[in-house]
Amino acid sequence: MTLLEARGVTKELAVAGAPPARILDGVSLSVRRGEFVAITGPSGSGKSTLLYLLGGLDHPTSGEILLDGRNLAAMDDDALTRLRNEAIGFVYQFHFLLPEFTALENVMMPMLAGGRVPRREAEARARDLLGEVGLGDRTSHLPRQLSGGQQQRVSIARALANKPLLLCADEPTGNLDTANTERVVELLLTLNRTMDQTVLIVTHEGGVAGKAGREIRVVDGKVAS
Amino acid sequence: MSVRMLLGLAWRHLSGQRRQSLLTMAGVALGVMVLLVISALMNGLLVSFRDTIVEAAPHLVITGREGGNRAAPRMLLPEGLPGTVVQLADRGEPSGRTDIAHHPQVVETVSRLEGLSVVSPYVAAQVIGATAAETAPVFARGVSPMLADRVVGLSRRIRKGSWSAFAADPGTVALGSEAAKTLDVGPGERLRLIASGGQLFDGRVAAVFTTGIKALDEQAFIHLKIAQRLEELPADHVTGLELRADRLDRVDALRSALEARTGLVVETWEQTNASIFTLFRIIGTITRMLVVFTILVAGFGVANVLVTVVLGKQKDISLLRSIGFTRERIMRLFLLEGLLLGVGGALAGALLGYVACTLMGFIPAGGDNEFGDQKTLVMAQDAATYAWTMLLALGVCLVASVGPARRAAGLAPVEVLRGETT
């Protein structure tokens with residue numbers, strides 16, 4: 001069953017004093033529910049841009065992006081923001097935790113931002129999620145008191161907070177050592193297997209891509225395979 | 001979206017810039033404090049001045065319209081020359097004499113109005129005062145002593161002699177301290193008043209009073225009948241009526257009612273002293289405007305802190321946007337931060353202002369009032385001034401945060417993320 005579909009997605013970026021640069025050129029793809037898909041490609045190929053478009057962080061210049069039947073390209077900024085909160089979780093290369101908040105508060109943030117989950121419930125779920133990523137004993141630590149790998153696991157827990165349809169990870173291991181890379185990839189794979197979590201991961205590491213169920217290769221703004 | 005969460009975010013952003021945030025709040029606090037102190041000083045000055053006037057001047061004065069034609073007597077020889085020559089009348093010169101005829105009827109009409117406590121008829125006369133030592137022009141006011149006292153409260157302002165001695169004897173004069181000084185005369189001593197028509201009154205000084213209002217302290221109070229005789233007025237003619245109202249805030253309404261009923265000219269105490277009140281108001285406005293600028297400058301500090309936060313927190317803002325913060329919510333977050341700085345500054349400023357005003361209330365003012373009513377600076381503080389000063393500070397802070405907040409809200413998350421990743 002198709003969860004995510006891109007049809008002829010093109011993205012151009014304005015460049016001062018020059019014609020707009022075409023980052024993505026007519027990309028079409030589809031992702032089934034429960035799939036673990038790696039998006040790979042050389043630097044500057046447009047793979048991160050594709051992920052941002054598929055994750056509703058940006059609007060395509062043309063084309064359609066359907067998530068669970070809803071066309072992201074046609075939504076205004078507010079609607080897209082709400083959709084991101086409800087249905088999409090993000091993990092970035094640089095873990096992007098709010099430095100002034102504890103691990104627990106960081107994980108609670110998407111639930112509180114949505115306003116649908118009562119605080120007490122959000123706290124309980126955040127605790128559970130931190131337990132699942134192996135950080136049950138680090139809930140009250142601030143990001144700076146955690147290692148890079150631990151921070152990345154907190155941000156995975158945060159991405160899962162609102163039980164997203166789609167988990168988007170942008171080079172989540174790009175900044176980690178081998179041991180932590182293993183751990184994070186294993187965690188994502190486990191989530192995919194046990195919770196049927198759909199995962200889209202941008203990576204240029206062959207090892208990570210090899211563990212994915214499917215690899216979509218982007219070259220020069222086009223899907224190569 | 002809970003306010004608690006936004007507050008939490010705002011609070012931690014500001015605590016992250018603790019020193020700058022505190023300095024900014026100190027700037028706002030200083031502006032608020034200075035504005036409060038200046039307001040209290042200006043109002044205090046106005047209040048003490050107004051109290052003096054309200055206490056010693058009638059609340060309303062009724063005079064007739066253009067009437068008789070009587071010129072004031074003039075000194076013909078320069079001061080200092082031996083002897084005195086006085087021109088008692090100059091019938092050729094027109095004057096604005098405006099008597100009220102049949103004043104008992106007017107008094108009756110006026111007394112029927114609600115809200116007036118005293119109606120006191122008076123006759124004003126420009127006379128020459130002569131004592132054994134000195135001769136000088138004096139403004140004489142003929143009154144019914146008991147009524148007049150209830151209007152201007154002179155019996156409480158007696159420095160020498162007694163008001164009751166004056167009230168009991170029509171042959172006496174209650175003299176203002178300035179006039180007493182000019183004429184070099186004291187209680188028990190003789191004083192001759194010469195009117196413009198040549199009428200004489202030989203009286204004795206029964207009391208000397210000081211009100212603090214120079215115009216009053218230069219006057220000589222005599223009995224109404226004596227003044228009528230000096231001015232050659234019939235018994236039912238007076239210059240005007242002085243009135244005291246039950247409530248000061250009703251004075252303007254009373255004025256209209258009185259004018260409508262009597263057809264005479266009615267002036268309120270505020271109109272009589274309009275020029276000085278206007279002056280107070282202008283000085284007050286200028287001073288306050290200067291201080292408002294201080295608060296505006298403090299607003300730049302707020303904008304500065306917030307720009308720093310917005311620039312330093314681009315990653316956090318992008319993240320918040322990506323996990324579901326709408327532009328509006330980001331905007332609200334930074335407006336809230338500006339407001340927090342404002343609230344902190346305004347509260348601290350109000351507290352400092354209160355302490356400063358209270359302490360300044362103990363500073364000796366070197367008052368000119370010999371009755372010692374005003375030994376220290378009068379600091380008039382009121383809740384409304386605190387409220388509008390604090391609101392002003394909050395408003396400035398809020399406006400100052402609009403720019404940074406818009407900038408934060410306009411941030412495209414992808415641009416920041418793209419810059420961070422490859």
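Note that the coordinates shown come from a computational prediction; the quantities given were computed from them, not determined experimentally.

Rules used in this analysis
Residues numbered from 1 in each chain as written. Chains lettered and ligands numbered in written order. Predicted model: local features only at pLDDT ≥ 70, side-chain atom pairs only at ≥ 80, totals over all residues. Helix = DSSP H or I, 4+ residues; strand = E, 2+ residues; numbered from the N terminus. Buried ≥ 20, exposed ≤ 12 C-beta atoms within 10 Å, placed from the backbone. Contact = placed C-beta atoms within 7 Å. Rg over C-alpha atoms; globule rule 2.2 N^0.38 Å. Nonpolar A, V, L, I, M, F, W, Y, C, P; charged D, E, K, R; others polar. Pairing = 2+ DSSP bridges. Axes fitted to C-alpha atoms, helices over the stretch in contact; angles between N-to-C directions. Parallel < 35°, antiparallel > 145°, perpendicular 65-115°, else oblique. Left-handed = near helix turned anticlockwise from the far one by under 90°. Arc of directions from axis to C-beta. Core = buried A, V, L, I, M, F, W, Y, C linked by C-beta atoms within 7 Å.

### What to know about the overall build of chain B
What chain B contains, in helices and strands, is 15 helices and twelve strands. Sorting the 422 residues of chain B into buried and exposed places 42% on the buried side. For chain B, restricting intrachain contacts to residue pairs at least 6 apart in sequence, the fraction spanning at least 24 positions comes to 81%.

### A short note on the overall build of chain A
Within chain A one finds seven helices and ten strands. Here the C-alpha atoms of chain A give a radius of gyration of 17 Å, agreeing with the 17 Å that 2.2 N^0.38 yields for 225 residues. Each principal axis of the C-alpha distribution contributes one length, and for chain A these read about 50 × 40 × 40 Å. When burial is assessed residue by residue, chain A has 48% of its 225 residues classed as buried.

### Things to note about the interface of chain B and chain A
Every contact between the two is made by 22 residues of chain B and, on the other side, 27 residues of chain A. Among the elements of the structure, helix H1 (3–16), helix H12 (314–322) and helix H15 (413–420) of chain B are those that each provide at least two residues to the side of chain B that touches chain A. Across the side of chain B that touches chain A, the residue classes break down as eight nonpolar, seven polar and seven charged.

### A closer look at the sheet that holds strand E3 (residues 36–40) of chain A
Residue and element names in this part refer to chain A. Ordered in space as E6-E7-E8-E3-E9-E10, the six strands form an open sheet in which the pairing is mixed. Two strands in the sheet have a free side with no partner beyond their single neighbour: strand E6 (88–91) and strand E10 (222–223). The pairing of E3 with strand E8 (residues 198–202) spans four bridges and is parallel. Within E8, the residue paired with isoleucine 39 across the bridge is valine 202. Of the strands in this sheet, E3, strand E7 (166–170), E8 and strand E9 (214–219) touch helix H1 (residues 47–54), which is tilted by about 150° from E8. Together, E3, E7 and E8 form the strand contacts of helix H6 (residues 178–195), whose direction differs from that of E8 by roughly 155°.

### Let's talk about the packing of helix H3 (residues 103–114) of chain A against helix H4 (residues 119–132) of chain A
All names here are of chain A. For the pair H3 and H4, the least separation of the axes is 9 Å and the interaxial angle reads 125°. Considered as vectors, H3 and H4 are oriented oblique to each other. The chirality of how H3 crosses H4 is right-handed. Touching Ala103, Leu104, Val107, Met108, Met111 and Leu112 of H3 are Arg119, Ala122, Glu123, Arg125, Ala126, Arg127, Leu129 and Leu130, all from H4. Here the contact of H3 with H4 is built from residues that sort into ten nonpolar, no polar and four charged.

### Comments concerning unusual backbone geometry
All names here are of chain A. Not every positive phi belongs to a glycine, and aspartate 68 is a case in point at roughly 55°. Structurally, the position occupied by aspartate 68 is in the loop between strand E4 (62–67) and strand E5 (70–71). By C-beta crowding, aspartate 68 is classed as partly exposed, having 14 other C-beta atoms within 10 Å. Residues other than glycine seldom take positive phi values, yet aspartate 220 does so here, at roughly 50°. Considering the arrangement of structural elements, one finds aspartate 220 in the loop between E9 and E10. On the neighbour-count criterion, aspartate 220 (14 C-beta atoms within 10 Å) is partly exposed.

### Re the sheet that holds E4(A)
All names here are of chain A. Spatial strand order, E2-E1-E4-E5: four strands in an open sheet with antiparallel pairing. The sheet terminates laterally at strand E2 (18–32) and E5, the two strands that pair on one side only. Summarising the sheet, strand E1 (residues 2–15) and E4 pair through five bridges and their orientation is antiparallel. Considered in E4, the bridge of threonine 10 is made with serine 62. The strands touched by H1 within the sheet are E1, E2 and E4, with E1 carrying the most contacts at an inclination of about 120°.

### Some thoughts on the environment of A:Leu112
Note on placement: A:Leu112 falls in helix H3. When the C-alpha positions of A:Leu112 and A:Arg22 are compared, they lie 37 Å apart, and in sequence the two are 90 residues distant.

### Description of the pairing of strand E5 (residues 135–143) of chain B
Residue and element names in this part refer to chain B. Relative to E5, strand E4 (residues 116–130) runs antiparallel, the two sharing nine bridges. Note on E5: the bridge partner recorded for isoleucine 128 is proline 137. Two successive antiparallel strands, E4 and E5, enclose a turn made up of four residues.

### Description of the packing of helix H11 (residues 274–312) of chain B against helix H13 (residues 327–360) of chain B
Residues and elements named next belong to chain B. One can describe the packing of H11 onto H13 by two numbers: an axis separation of 10 Å at closest approach and a directional angle of 140°. Looking at the two axes, H11 sits oblique to H13. In terms of crossing hand, the pair formed by H11 and H13 is right-handed. When H11 is examined against H13, the residues Ala298, Val302, Val305, Leu306, Val309 and Val310 are found in contact with a partner set consisting of Phe334, Glu337, Gly338, Leu341, Gly342 and Gly345.

### A few points about the environment of B:Asp246
All names here are of chain B. Position of aspartate 246 relative to the elements: it lies in the loop between strand E11 (240–245) and helix H9 (251–262). The partly exposed category is assigned to aspartate 246, around which 13 C-beta atoms lie within 10 Å. Once the C-alpha coordinates of aspartate 246 and leucine 116 are considered, the two residues, 130 residues apart in sequence, prove to be 5.6 Å apart. The residues touching aspartate 246, leaving out its near neighbours within four places in the chain, are Gly115 and Ser117.

### Quick word on the environment of B:Met390
Inspection of the secondary structure assignment puts B:Met390 in helix H14 (residues 383–410). For the pair B:Met390 and B:Ala350, spaced 40 residues apart in sequence, the C-alpha separation works out to 7.4 Å.

### Some points on helix H2 (residues 77–87) of chain A
For H2(A), the set of buried residues is A:Leu80, A:Thr81, A:Arg84 and A:Asn85. Within H2(A), the buried residues cover an arc of 140° as seen down the axis, which keeps them to one side. Buried residues belonging to H2(A) abut E6 and H3 of chain A together with H12 of chain B.

### Considering the nonpolar core
The biggest cluster of nonpolar side chains holds 115 residues, and the ones touching the most others in it are A:Ile39, A:Val107, A:Leu200, A:Ile201, B:Val28 and B:Val32. Residues contacting A:Leu200, with those up to four places away along its chain left out, are A:Val31, A:Val37, A:Ile39, A:Leu51, A:Leu54, A:Leu166 and A:Cys168. In terms of nonpolar packing, the next biggest core, distinct from the first, is built from 63 residues, B:Val106, B:Val138, B:Ile194 and B:Leu258 among them.

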